[in-house]
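# A look at the structure
Chain by chain, the residues:
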Amino acid sequence: MSKFAKQNKEATEDWLLSYADMITLIMAFFIILVSMSKIDAGKYEEVQAGMAKDVGNREVTKPLQDMKSEILGQIAGAGVEDSVDVGKDDKGIVLNLASGAMFKPGLADIRPEILPLIKEIAGTLAQKRFENYQVEIQGHTDDTQVHTQQFPTNWDLSAARALSTLRLLSELGVGQSRMKIAALADTAPRVPNHSDSGKPYPENQAINRRVEIHIYPR
């Protein structure tokens, strides 16, 4: 083989180096995914988008980020930042709605004042691009025990509030097959309900009385 032919062959095979690098990178990525006990959906979107841009030089949509940005805009427009916030966990987005803004004390009927915001959030969740996302509605209370004829325990109240929220979202166009509810009563506080000596923290108790809407890929 002549020197020219050898150089020409090497030049035509240069693409194999880039291809091998790409395959190695993808393999390493999936090995990392398999080795993780939990996958953060938000981080996965970011990594996926970064890989697509670096390897394939293309943009990838980030539905969770888009959804979060849209809902944050709706909350800001409604002026209820003190009563509603959006965070995330390792599965997806977590929307926290303070029970004081949604319900009267000890009841599960949704206040009319919060309806405009819920309608906007439901409109976002009902969009076709988000139809493959699960919506899990959790009812939470503080540790003050409820004893009424309608709600004998905190479990009954938290379940009723979660169910009221599901029914409203369903009426506003979110498919019931995508939704489920959970009643957690006072078992999963965001902040301590009281001090080590037993003194209650009213502000913390108000934070713990909430409905959480978890949104994540199905």
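Since this is a predicted model, take the numbers as computed values, not measurements.

With that settled, consider the packing of aromatic side chains. Applying the stated rule across the entire model yields one aromatic pair. Between K91 and the ring centre of Y216, over which it is positioned, the NZ or CZ distance is 3.9 Å.

This next bit is on the side chain of S164. The topology assignment puts S164 in helix α7 (residues 154-171). Of note is the side chain of S164, whose polar atom sits 2.8 Å from the backbone oxygen of A108.

Helix α6 (residues 115-125) packs onto helix α4 (residues 63-78) with a crossing angle of 165° between their chain directions and a minimal axis gap of 10 Å. Considering their axes alone, α4 and α6 lie roughly antiparallel with respect to each other. At the point where α4 passes α6, the crossing takes the right-handed sense. Here α4 contributes M67, E70, I71, Q74, I75 and A78 to the contact with α6, which in turn contributes L117, E120, I121, T124 and L125. The residue makeup of the contact of α4 with α6, split by class, is seven nonpolar, two polar and two charged.

We now examine the pairing of strand β2 (residues 93-98). Buried residues dominate β2, accounting for five of its six residues. The sheet contact formed by strand β1 (residues 84-88) and β2 spans five bridges and is antiparallel. Note on β2: the bridge partner recorded for V84 is L97.

Let us look at the environment of G106. Within the element layout of this structure, G106 appears in the loop between α5 (99-102) and α6. When the C-alpha positions of G106 and L157 are compared, they lie 7.4 Å apart, and in sequence the two are 51 residues distant. Setting aside residues up to four positions removed in sequence, G106 forms contacts with F151, L157 and R161.

Before going further, it helps to examine the pairing of strand β5 (residues 210-217). Counting buried positions over the eight residues of β5 gives seven, a clear majority of the element. In this sheet, β5 lies alongside β2 in antiparallel orientation, the contact comprising six bridges. Bridging from a neighbouring strand, L97 pairs with V211 of β5.

Ordered in space as β1-β2-β5-β3-β4, the five strands form an open sheet in which the pairing is mixed. Looking along the sheet, the strands with just one partner apiece sit at the ends: β1 and β4 (179-185). The average angle at which neighbouring strand axes cross in this sheet is 20°, direction not considered. Sheet topology places strand β3 (residues 133-140) next to β5; eight bridges connect them, and they run antiparallel. In the sheet register, I137 faces β5, and the bridge partner there is I213.

Reading the values: rules and limits
Position numbers for residues start from 1 in each chain and track the written sequence from start to end. Where totals are concerned, whole chains, interfaces and linings use all residues; where local detail is concerned, this predicted model gives features only for residues with pLDDT of at least 70, and gives and counts side-chain atom pairs only at 80 or more. In computing side-chain properties, one takes all heavy atoms of the structure into account and sets aside hydrogens as well as water. Whether two aromatic rings pair depends on their centres lying within 6.5 Å, for rings of Phe, Tyr and Trp, where Trp uses its six-membered ring; planes under 30 degrees apart make the pair stacked, over 60 edge-to-face, and the rest tilted. Ring-over charges, as used throughout, are those where CZ of Arg or NZ of Lys falls within 6 Å of the ring centre and within 35 degrees of the ring normal. Secondary structure elements are taken from DSSP: a helix is a run of H or I of four residues or more, a strand is a run of E of two residues or more, and numbering for both begins at the N terminus. Distance and chemistry together define a polar contact, namely a pair of N or O atoms within 3.5 Å, with one atom able to donate a hydrogen and the other to accept it when in protein, and with adjacent residues in sequence counting only for side-chain atoms on both sides. As a rule, the C-alpha atoms of each element are fitted with a line to give its axis, helices using only the stretch in contact, and angles between N-to-C directions run from 0 to 180 degrees. Each angle receives one of four descriptions, namely roughly parallel if under 35 degrees, roughly antiparallel if over 145, roughly perpendicular if within 65 to 115, and oblique otherwise. Crossings are assigned a handedness: left-handed for a near helix turned anticlockwise from the far helix by less than a right angle, right-handed for a clockwise turn. Throughout, a contact is declared for two residues whenever any of their heavy atoms are within 4.5 Å. Classification convention: Asp, Glu, Lys, Arg as charged; Ala, Val, Leu, Ile, Met, Phe, Trp, Tyr, Cys, Pro as nonpolar; all other residues, Gly among them, as polar. Three exposure classes are used, based on accessible area relative to the maximum for each residue type with a 1.4 Å probe and protein chains only: buried under 20%, partly exposed in between, and exposed over 50%. Strand pairing follows a simple DSSP-based rule, namely that at least 2 bridges must link the two strands.

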